[in-house]
Amino acid sequence: MSSGFGNILKNFLSLFYHYKTARLYDYTLFGAPRQTVENLSRIFQGHLPGTLTEEGKKQAMDLGESLRNIALDAVVSSDLQRVVDTVQLAVGDRQLPWQQTTLLREIDWGPWTGLPVGSVDLSNPPAGVETRQMMYDRAGAFLDYLWQHYDGKRVLVVAHGQINRCLEARITGVPLEELRTVPLMKNAELHRYELTRE
(Lines give C-alpha, C1' and ligand atoms only; values in the text may rest on other atoms or scores of the structure.)
Protein backbone atom coordinates (compact mmCIF):
# COMPACT_ATOMS: atom_id res chain seq x y z
CA MET A 1 0.00 0.00 0.00
CA SER A 2 1.11 3.58 -0.60
CA SER A 3 2.62 5.48 2.30
CA GLY A 4 0.01 8.15 1.55
CA PHE A 5 -2.65 6.05 3.20
CA GLY A 6 -3.83 7.26 6.57
CA ASN A 7 -5.21 5.48 9.57
CA ILE A 8 -6.83 2.05 9.27
CA LEU A 9 -9.76 1.65 11.59
CA LYS A 10 -11.02 -1.84 12.42
CA ASN A 11 -13.03 -1.22 15.57
CA PHE A 12 -16.72 -0.64 15.89
CA LEU A 13 -17.48 3.05 15.54
CA SER A 14 -20.07 4.56 17.85
CA LEU A 15 -21.19 6.71 14.93
CA PHE A 16 -22.86 3.62 13.49
CA TYR A 17 -24.32 2.27 16.73
CA HIS A 18 -27.76 1.76 15.19
CA TYR A 19 -26.52 -0.90 12.79
CA LYS A 20 -26.63 -4.47 14.02
CA THR A 21 -25.20 -6.63 11.23
CA ALA A 22 -21.44 -7.15 11.58
CA ARG A 23 -19.78 -6.60 8.24
CA LEU A 24 -16.63 -5.21 6.71
CA TYR A 25 -17.00 -1.89 5.00
CA ASP A 26 -14.07 -0.50 3.05
CA TYR A 27 -13.77 2.86 1.39
CA THR A 28 -10.97 5.18 0.39
CA LEU A 29 -11.04 8.94 0.72
CA PHE A 30 -8.90 11.37 -1.19
CA GLY A 31 -9.06 15.12 -1.36
CA ALA A 32 -9.50 16.57 -4.82
CA PRO A 33 -6.40 18.44 -5.98
CA ARG A 34 -6.99 21.85 -4.48
CA GLN A 35 -4.86 23.79 -6.90
CA THR A 36 -7.46 25.55 -8.97
CA VAL A 37 -7.46 28.91 -10.67
CA GLU A 38 -9.80 30.13 -7.94
CA ASN A 39 -7.56 28.91 -5.11
CA LEU A 40 -4.55 30.64 -6.60
CA SER A 41 -6.63 33.81 -6.86
CA ARG A 42 -7.36 33.55 -3.11
CA ILE A 43 -11.12 33.82 -3.39
CA PHE A 44 -13.85 31.95 -1.53
CA GLN A 45 -14.41 29.09 -3.97
CA GLY A 46 -17.10 27.16 -2.11
CA HIS A 47 -19.79 25.98 -4.50
CA LEU A 48 -18.25 27.57 -7.58
CA PRO A 49 -17.47 24.92 -10.24
CA GLY A 50 -13.73 25.57 -10.07
CA THR A 51 -11.09 25.15 -12.77
CA LEU A 52 -8.10 22.87 -12.23
CA THR A 53 -4.72 24.36 -13.05
CA GLU A 54 -2.22 22.32 -15.07
CA GLU A 55 -0.60 21.37 -11.77
CA GLY A 56 -3.98 20.28 -10.41
CA LYS A 57 -4.49 18.07 -13.47
CA LYS A 58 -1.07 16.54 -12.98
CA GLN A 59 -1.87 15.81 -9.33
CA ALA A 60 -5.05 14.01 -10.38
CA MET A 61 -3.21 11.88 -12.94
CA ASP A 62 -0.45 11.06 -10.46
CA LEU A 63 -3.10 10.02 -7.98
CA GLY A 64 -4.61 7.78 -10.63
CA GLU A 65 -1.29 5.94 -10.77
CA SER A 66 -1.46 5.41 -7.00
CA LEU A 67 -4.97 3.99 -7.38
CA ARG A 68 -4.16 1.69 -10.30
CA ASN A 69 -3.57 -1.44 -8.23
CA ILE A 70 -6.28 -0.78 -5.66
CA ALA A 71 -9.49 -2.77 -6.15
CA LEU A 72 -12.57 -0.55 -6.20
CA ASP A 73 -16.28 -1.23 -6.66
CA ALA A 74 -17.57 2.31 -7.15
CA VAL A 75 -16.85 6.02 -7.00
CA VAL A 76 -18.92 8.60 -5.12
CA SER A 77 -17.96 12.24 -5.49
CA SER A 78 -18.94 15.85 -5.18
CA ASP A 79 -20.84 17.16 -8.21
CA LEU A 80 -18.73 20.32 -8.50
CA GLN A 81 -16.81 20.53 -11.76
CA ARG A 82 -13.33 20.60 -10.24
CA VAL A 83 -14.00 17.24 -8.59
CA VAL A 84 -15.72 15.82 -11.67
CA ASP A 85 -12.59 16.71 -13.66
CA THR A 86 -10.41 15.16 -10.96
CA VAL A 87 -12.30 11.87 -11.03
CA GLN A 88 -12.15 11.67 -14.81
CA LEU A 89 -8.38 12.15 -14.75
CA ALA A 90 -7.69 9.92 -11.74
CA VAL A 91 -9.99 7.02 -12.60
CA GLY A 92 -9.28 7.13 -16.32
CA ASP A 93 -10.61 4.17 -18.29
CA ARG A 94 -11.63 2.08 -15.27
CA GLN A 95 -15.28 1.20 -15.80
CA LEU A 96 -16.60 1.96 -12.30
CA PRO A 97 -20.12 3.01 -11.29
CA TRP A 98 -19.90 6.70 -10.41
CA GLN A 99 -22.40 8.73 -8.43
CA GLN A 100 -22.20 12.48 -7.84
CA THR A 101 -23.86 14.06 -4.80
CA THR A 102 -24.33 17.52 -3.33
CA LEU A 103 -23.63 16.04 0.12
CA LEU A 104 -19.91 16.08 -0.73
CA ARG A 105 -19.73 19.68 -1.85
CA GLU A 106 -17.25 22.06 -0.26
CA ILE A 107 -18.38 24.51 2.40
CA ASP A 108 -21.02 26.92 1.11
CA TRP A 109 -19.69 30.44 1.55
CA GLY A 110 -23.06 31.97 0.68
CA PRO A 111 -22.76 35.72 -0.04
CA TRP A 112 -18.96 35.50 0.35
CA THR A 113 -18.65 33.15 -2.63
CA GLY A 114 -16.30 34.61 -5.21
CA LEU A 115 -14.99 37.38 -2.92
CA PRO A 116 -11.29 37.78 -2.09
CA VAL A 117 -10.46 36.02 1.18
CA GLY A 118 -8.87 39.14 2.62
CA SER A 119 -11.87 41.35 1.93
CA VAL A 120 -14.18 40.07 4.69
CA ASP A 121 -14.28 39.82 8.48
CA LEU A 122 -13.78 36.09 9.06
CA SER A 123 -14.87 36.44 12.68
CA ASN A 124 -18.32 37.67 11.65
CA PRO A 125 -19.76 35.54 8.82
CA PRO A 126 -23.14 36.67 7.47
CA ALA A 127 -26.30 34.63 7.23
CA GLY A 128 -26.02 32.16 4.38
CA VAL A 129 -22.51 30.98 5.16
CA GLU A 130 -22.56 27.28 6.05
CA THR A 131 -21.58 26.74 9.69
CA ARG A 132 -19.28 24.04 11.05
CA GLN A 133 -22.31 22.40 12.66
CA MET A 134 -24.08 22.27 9.31
CA MET A 135 -21.06 20.73 7.60
CA TYR A 136 -20.56 18.23 10.40
CA ASP A 137 -24.21 17.20 10.11
CA ARG A 138 -23.90 16.94 6.33
CA ALA A 139 -20.90 14.65 6.72
CA GLY A 140 -22.94 12.43 9.04
CA ALA A 141 -25.78 12.31 6.51
CA PHE A 142 -23.36 11.26 3.78
CA LEU A 143 -21.85 8.47 5.89
CA ASP A 144 -25.34 7.17 6.66
CA TYR A 145 -26.09 7.25 2.93
CA LEU A 146 -22.87 5.40 2.20
CA TRP A 147 -23.81 2.63 4.64
CA GLN A 148 -27.28 2.31 3.18
CA HIS A 149 -26.20 2.09 -0.47
CA TYR A 150 -22.64 0.74 -0.47
CA ASP A 151 -22.50 -1.72 2.42
CA GLY A 152 -19.63 -4.17 1.88
CA LYS A 153 -18.27 -2.23 -1.12
CA ARG A 154 -14.88 -0.67 -1.73
CA VAL A 155 -15.72 2.91 -2.61
CA LEU A 156 -13.54 5.79 -3.72
CA VAL A 157 -14.92 9.00 -2.20
CA VAL A 158 -13.75 12.22 -3.85
CA ALA A 159 -14.59 15.51 -2.20
CA HIS A 160 -13.04 18.74 -0.85
CA GLY A 161 -10.86 19.86 2.03
CA GLN A 162 -13.43 21.09 4.54
CA ILE A 163 -16.02 18.34 4.02
CA ASN A 164 -13.27 15.69 4.07
CA ARG A 165 -12.17 17.07 7.44
CA CYS A 166 -15.73 16.63 8.74
CA LEU A 167 -15.94 13.10 7.33
CA GLU A 168 -12.69 12.09 8.97
CA ALA A 169 -13.76 13.67 12.26
CA ARG A 170 -16.98 11.66 12.17
CA ILE A 171 -15.18 8.44 11.33
CA THR A 172 -12.52 8.84 14.02
CA GLY A 173 -14.95 10.05 16.69
CA VAL A 174 -13.67 13.63 16.91
CA PRO A 175 -16.45 15.89 18.28
CA LEU A 176 -17.47 19.11 16.57
CA GLU A 177 -15.78 21.31 19.15
CA GLU A 178 -12.43 19.64 18.32
CA LEU A 179 -12.90 19.67 14.55
CA ARG A 180 -9.89 21.90 13.94
CA THR A 181 -7.61 19.26 15.45
CA VAL A 182 -8.21 17.16 12.32
CA PRO A 183 -5.65 18.27 9.71
CA LEU A 184 -6.88 19.33 6.32
CA MET A 185 -5.85 16.83 3.68
CA LYS A 186 -3.04 17.89 1.37
CA ASN A 187 -3.51 18.19 -2.36
CA ALA A 188 -4.46 14.78 -3.77
CA GLU A 189 -3.67 13.05 -0.48
CA LEU A 190 -5.06 9.56 -0.12
CA HIS A 191 -6.53 8.16 3.11
CA ARG A 192 -7.92 4.65 3.53
CA TYR A 193 -10.38 3.44 6.14
CA GLU A 194 -11.50 -0.12 6.78
CA LEU A 195 -14.56 -0.04 8.99
CA THR A 196 -16.59 -2.69 10.76
CA ARG A 197 -19.92 -2.36 12.48
CA GLU A 198 -22.08 -4.52 14.70
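Refer to the preceding data block for the structure.
Residues numbered from 1 in each chain as written. Predicted model: local features only at pLDDT ≥ 70, side-chain atom pairs only at ≥ 80, totals over all residues. Heavy atoms only, no water.

1. Structural notes on the pattern of salt bridges
And step 1. The final tally for this structure, using the stated rule, is seven salt bridges.
And step 2. A salt bridge links R154 to D73; its shortest N-O distance comes to 3.4 Å. Residue R154 is found in strand β4 (residues 154-159), and its partner D73 is found in the loop between α2 (54-67) and β2 (74-78); the two are separated by 81 residues along the sequence.
And step 3. Taking the relative accessible area as the measure of exposure, D73 reaches 26% and is therefore partly exposed. (Salt bridge = Lys/Arg side-chain N within 4 Å of Asp/Glu carboxyl O. Helix = DSSP H or I, 4+ residues; strand = E, 2+ residues; numbered from the N terminus. Buried < 20%, exposed > 50% of the residue type's maximum accessible area, 1.4 Å probe, protein only.)

2. Description of the pairing of strand β3 (residues 98-101)
And step 1. Sheet topology places β2 next to β3; four bridges connect them, and they run parallel. When the bridges of β3 are listed, S78 appears paired with T101.
And step 2. Remark: the β2/helix α3 (residues 81-91)/β3 crossover connection has right-handed handedness. (Pairing = 2+ DSSP bridges. Right-handed = clockwise from strand over helix to strand, strands pointing away.)

3. Remarks on the environment of L179
And step 1. The residue L179 is located in the loop between α5 (161-172) and β5 (190-197) in this model.
And step 2. Since its relative accessible area comes to 4%, L179 is described here as buried.
And step 3. Taking the C-alpha atoms as reference points, L179 and R165, separated by 14 residues in sequence, lie 7.6 Å from one another.
And step 4. For L179, the contacting residues outside a window of four places in its chain are R132, Y136, R165, C166, A169 and V174. (Contact = heavy atoms within 4.5 Å.)

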